Amino acid sequence: MRFGMVHRVMTDALAALGVIALVASGQFNRYVSWAILISLGLALVVRESWQRHPALRHLDTGILLAVIAVQVVRIVATDASVLDVLVEFAAALQIIRLATRKGAAHDQQVIVLALLHLIAGTVLGGGMGYGLCFLGVLVVAPGALVLSHLRREVEGNYRQGARDRTGLPVDVPRILRSRRVVGRSFLAVTCLLSVPIFVFTALLFVIFPRVGLSLLLLNRGHTGRMIGFSGKVDLGAVGVLRSDPKLAMRVEIPELPEPPPPRLTMHLRGTALDAYDGRTWTQSETFKRPTESDGGLVPIERYPDPAVDPVMRIDLEPIDPPVIFLPPNATGLRLKHRGQLGVDANAMAQRGPEGELRYQPTDDRGLVYDVFLSRKRAPTFQRLPAAERRRYLDLPRDLPSRVVELAQQWTQGVDRPADRARAIQEHLRTEYRYDLASPSGADPQPLDHFLFESKRGHCEFYSTAMAILLRAVDVPTRNVTGFVGGTYNRFGRFYAVRQGDAHSWVEVYLDGEGWMTFDPTPPADAAPKSELVGAWAYLRDFIEATSQRWDRHVVGYDLNQQVGLLQTLTSRYRRSGSSSDLSLSRPRILAVAAVALALGGGLLYWRFRRTRRGREERRADAGRTPSAILATALYEGLEAAMLVQGVPRPPSLPPLRHAEALELADHPLAREILTLTQVYLRARFGGATLTEDDSRDFERRVKALRGAERRARAASDSGLAASP
């Protein structure tokens, strides 16, 4: 492996990992991210000969000034965030340096920038993509640093006019082309240095407590928030809801049966809407007030009992609006931002109209919270004051009369509100067809067109139809938006809820029971749609489960987890003293011992091979005289001169045979090459002694051989100029 090539590859890999860590943080929008990645790729393929061209001497300075000017204009003339501009400039600075670097000094700047990018990625992102980049940097960085230092020393000695042990000037290009400087063992050892570095870093991470990342001033709400849920329903302006596979939340369900159902309908409620004007659902009230809290618990209609109430854990990605999603039988919450420690729950959540709860986003890391469930599966909201009943029965002023007549027809002979709700739900499920691109949205009366003309639409048409038809027969209702459910992740043991699972359904108030959930959308179309089988489904589940563990145990690692880990280790240590636990731990002890013996045996074998190889080399050198060693070094200079003259010696051809072949070919330099080769052979194998004068004379003649090409070329050029 060529020294220069290996050094460039490792330096490029380190730089690319640093830039990718910034891109993976999600700090940039899609177009800026692609521009950075494409520019990085172009910078990496620039050849060294282009970088050293005299015409491009000041290219890096010009590009840098242009980038600075563009970023200053963005800050002054637009509403671009200063943090975004600085991070983009850091990425651009690395790309410029990669494209215009000249020598080891610039390579060291590349390495420093890459490490700074990795540190910035810790604050900006810290997700699974950053974790992979971090592991890559651990493996590549030791080798890149060592090789960069070696190249810096070589180039520094060359500039200072240093000479090697034979007295010849240091030939930097030849060293960079050499295959003997860097071998497989060197790369293996330098890359294995990442193991103790990783272990030491992991120990520091586990031992020292952490505080919330939002205490850093760099964290703030992210502009590119996920959109898979809407705070309003507009039948004339709703796009395709059930097509985006991006993850919205992970839900861990208590007391799951075995095997867990592959898909689960949960009706995770985001917000409810009570006012309908014929096209759009909105909230008639807009108040917001802080929630109550006691010991970190937030009640909904009563305080939960953590000792007995089952707990559902929800890991919510950033979403706009920042709504807290609840199942239909929730009693209370326990909130915590990702990576936060000791934050007052009362300052984190606000209560809005229709039972809506929102959190205060302190960063772009979403929210992790526990939902306490009713053991009797009682509905979350059970009260409806008589003074407010009227607004849940309001109908649009221009509602066609045939809509009211249809409601009366479907509920004819049915007296109980619950039975009326079931009757209308059944009609909608069986007599209408699900369609994401319903033509009813373009009609001035979309609900009327859906019920009597097209008879097809998406979930919001179904929920609107049921809510209005029930109001027409004096049953209070409201429209609800949220997520219908999720798909089971076989590796992480959670349900993955995606943006494509956004849904709309109905809450019906039943006296004596409360607000009950009804879903008139056909069951086959109201279920989660993610794939369950196939290579892509397995890969997706594995990546999402790994990302969850990274977010929970690395990004979200805090003092609480640290104390829990310490308690677990302490309890296991205490239990290991008992005979029963000892018998259970013996297989593990044997396995660890076997691995340790295998590693130790491999290390001893490698050490034995390395020692034996060193002895053989020393034994070979022991029989060589100082003159033989000097002759070998002098002949290497002669070989370099022959390479310059275009007559290199093939590795399979002995030196004397090569010199004689040149003489038979009547080469103009053959006599001199043969004479110097004979000097080398007499000293190397014949026992002749080389004095200091002999060495200087040999070097002078080799130098003359090198200059012979320049003299011949000058003579040829002068001959061409003199010819007519």
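Residues numbered from 1 in each chain as written. Predicted model: local features only at pLDDT ≥ 70, side-chain atom pairs only at ≥ 80, totals over all residues. Heavy atoms only, no water.

Moving on, we get to the overall build of the protein chain. The helix and strand inventory of the protein chain stands at 23 helices and 18 strands. Expressed as a percentage of the 724 residues in the protein chain, the buried residues total 44%. The long-range fraction of contacts in the protein chain, counting pairs at least 24 apart against all pairs at least 6 apart in sequence, stands at 77%. Total accessible area on the protein chain is roughly 38,300 Å²; 60% of this is exposed by carbon and sulfur atoms. (Helix = DSSP H or I, 4+ residues; strand = E, 2+ residues; numbered from the N terminus. Buried < 20%, exposed > 50% of the residue type's maximum accessible area, 1.4 Å probe, protein only. Contact = heavy atoms within 4.5 Å. Areas by Shrake-Rupley, 256 points an atom, 1.4 Å probe, with all protein chains shown as cover.)

Contact geometry for helix H20 (residues 626-644) and helix H22 (residues 670-684): axes closest at 8 Å, N-to-C directions at 155°. By the angle between their directions, the pair H20 and H22 is classed as roughly antiparallel. Our pair here, H20 against H22, has a crossing hand that is left-handed. Two secondary-structure elements touch here, H20 through Ser627, Ala628, Ala631, Thr632, Tyr635, Leu638 and Met642 and H22 through Ile673, Leu676, Thr677, Tyr680, Ala683 and Arg684. (Axes fitted to C-alpha atoms, helices over the stretch in contact; angles between N-to-C directions. Parallel < 35°, antiparallel > 145°, perpendicular 65-115°, else oblique. Left-handed = near helix turned anticlockwise from the far one by under 90°.)

A few words now on the packing of aromatic side chains. One pair of aromatic rings is described through two measures. These are the centre distance and the angle between the planes. Tallied over the entire structure, the rule returns 11 aromatic pairs. With centroids separated by 6.5 Å and ring planes inclined at 75°, the aromatic side chains of Tyr680 and Phe685 adopt a geometry described as edge-to-face. Counting every residue linked through ring pairs, the aromatic cluster contains Trp410, Tyr432, Phe450, Phe461 and Tyr462. The ring of Phe381 is capped by Arg478, whose NZ or CZ atom sits 5.6 Å from the centre of that ring. (Phe/Tyr/Trp six-rings, centres within 6.5 Å; stacked < 30°, edge-to-face > 60°. Lys NZ or Arg CZ within 6 Å of the ring centre and 35° of its normal.)

Take the confidence of the model for the protein chain next. In the predicted model, the protein chain carries a mean pLDDT of 79, and 79% of its residues have values of at least 70. The model gives residues 339-347 a pLDDT under 50, and that stretch makes 27 contacts with residues more than four places away or in other chains. Predicted confidence for residues 579-584 stays below pLDDT 50, and this span has 3 contacts to residues more than four positions away or in other chains. (pLDDT = per-residue confidence, 0-100.)

On the basis of which strands lie adjacent, the open sheet formed by 3 strands has the order S1-S5-S4 and antiparallel pairing. In the strand order of this sheet, the two ends are held by strand S1 (233-234) and strand S4 (275-276), each with one partner. Here S1 pairs with strand S5 (residues 280-282) via 2 bridges, running antiparallel. Directly across from Asp234, in S5, lies its bridge partner Thr280. Together, S1, S4 and S5 form the strand contacts of helix H15 (residues 459-472), whose direction differs from that of S5 by roughly 75°. (Pairing = 2+ DSSP bridges.)

For helix H14 (residues 446-454), the tally of buried residues reaches 7 of 9 residues, placing the bulk of the element in the interior. Within H14, the full set of buried residues consists of Pro446, Leu447, Asp448, His449, Phe450, Leu451 and Ser454. Where H14 is buried, its residues meet S4, helix H12 (401-410), helix H13 (417-431), strand S14 (456-457) and H15.

Moving on, we come to unusual backbone geometry. Residue Glu258 is joined to Pro259 through a cis peptide bond whose omega torsion reads -5°. Here Pro259 lies in the loop between strand S2 (247-252) and strand S3 (263-273). A positive phi is found at Glu354, a non-glycine position, where the angle reads about 60°. Mapped onto the fold, Glu354 is located in the loop between strand S10 (349-351) and strand S11 (357-359). Residue Glu354 is classed as buried on the basis of its relative accessible area, which comes to 6%. Notably, Lys455 is not glycine yet its phi reads approximately 55°, a positive angle.

The next thing to look at is the pairing of strand S8 (residues 311-316). Here S2 runs beside S8; their pairing, made up of 4 bridges, is antiparallel. If you follow Arg250 over to S8, its bridge partner there is Asp315. Both S8 and strand S12 (residues 367-373) contribute to a ladder of 6 bridges, which runs antiparallel. Residue pairing across strands places Leu316 opposite Leu367, the latter belonging to S12.

What follows covers the pattern of salt bridges. Inspection of the entire model under this criterion finds 32 salt bridges. Here Arg101 ties to Asp107 by a salt bridge, and the two come within 3.5 Å at their closest N and O atoms. Note on Asp107: relative accessible area 5%, which makes it buried. The partner of Arg402 in a salt bridge is Glu453, with the nearest N and O atoms 3.6 Å apart. (Salt bridge = Lys/Arg side-chain N within 4 Å of Asp/Glu carboxyl O.)

This part covers the packing of helix H2 (residues 30-44) against helix H5 (residues 82-100). Two numbers describe how H2 lies on H5: the axes approach to 8 Å, and their chain directions differ by 15°. Taken together, H2 and H5 sit at an angle that is classed as roughly parallel. When the axes of H2 and H5 are compared, the crossing they make is left-handed. For the pair H2 and H5, the contacting residues are Val32, Ile36, Ser39, Leu40, Ala43 and Leu44 in the first and Glu88, Ala91, Ile95, Leu98 and Ala99 in the second. Residues of the contact of H2 with H5, tallied by class, amount to 9 nonpolar, 1 polar and 1 charged. (Nonpolar A, V, L, I, M, F, W, Y, C, P; charged D, E, K, R; others polar.)

This brings us to the pairing of S12. Burial of S12 is extensive: 7 of the 7 residues sit out of reach of the surface. Of the two faces of S12, the one carrying Leu367, Tyr369, Val371 and Leu373 and the one carrying Val368, Asp370 and Phe372 are both buried.

So, about the sheet that holds S10. Read from one edge to the other, the open sheet built from 3 strands follows the order S6-S10-S11, with strand pairing classed as antiparallel. Each edge of the open sheet carries a strand with a single partner, namely strand S6 (289-290) and S11. Pairing geometry for S10 and S11, over 3 bridges, is antiparallel. Looking across to S11, one finds that Gln350 is bridged to Arg358.

The next subject is the environment of Tyr369. Following the sequence through the fold, Tyr369 ends up in strand S12. Taking the C-alpha atoms as reference points, Tyr369 and Arg334, separated by 35 residues in sequence, lie 5.6 Å from one another. Apart from residues no more than four positions distant in its own chain, Tyr369 is found in contact with Met312, Arg313, Ile314, Leu316, Ile324, Phe325, Leu333, Arg334 and Leu335.

The topology assignment puts Ser504 in strand S17 (residues 502-510). Look at Ser504 and you get buried, because its relative accessible area is 0%. At 3.2 Å, the side chain of Ser504 and the backbone oxygen of Val480 are in polar contact. Once residues within four sequence positions are removed from consideration, Ser504 is found in contact with Cys459, Glu460, Ser463, Asn479, Val480, Thr481, Asp519 and Thr521. (Polar contact = N/O pair within 3.5 Å; in protein donor to acceptor, adjacent residues only side chain to side chain.)

With that settled, consider the nonpolar core. The biggest cluster of nonpolar side chains holds 37 residues, and the ones touching the most others in it are Ile324 and Tyr369. Element by element, the count of residues in this core is highest for S12, at 4 residues. In this structure, Val233, Ala407, Leu447 and Leu451 belong to the second largest nonpolar core, which totals 35 residues. (Core = buried A, V, L, I, M, F, W, Y, C linked by side-chain atoms within 4.5 Å.)

A cluster of like positive charges, contributed by Arg607, Arg609, Arg610, Arg612 and Arg613, occupies part of the molecular surface. With respect to the element layout, Arg612 can be found in helix H19 (residues 579-622). Relative accessible area serves as the criterion here: at 40%, Arg612 is assigned to the partly exposed category. (Patch = residues over 30% accessible without salt bridge, like charges linked within 9 Å, V, L, I, M, F, W, Y side chains within 5 Å. Lys, Arg positive; Asp, Glu negative; His and termini not counted. Charge placed at Lys NZ, Arg CZ, Asp CG, Glu CD.)

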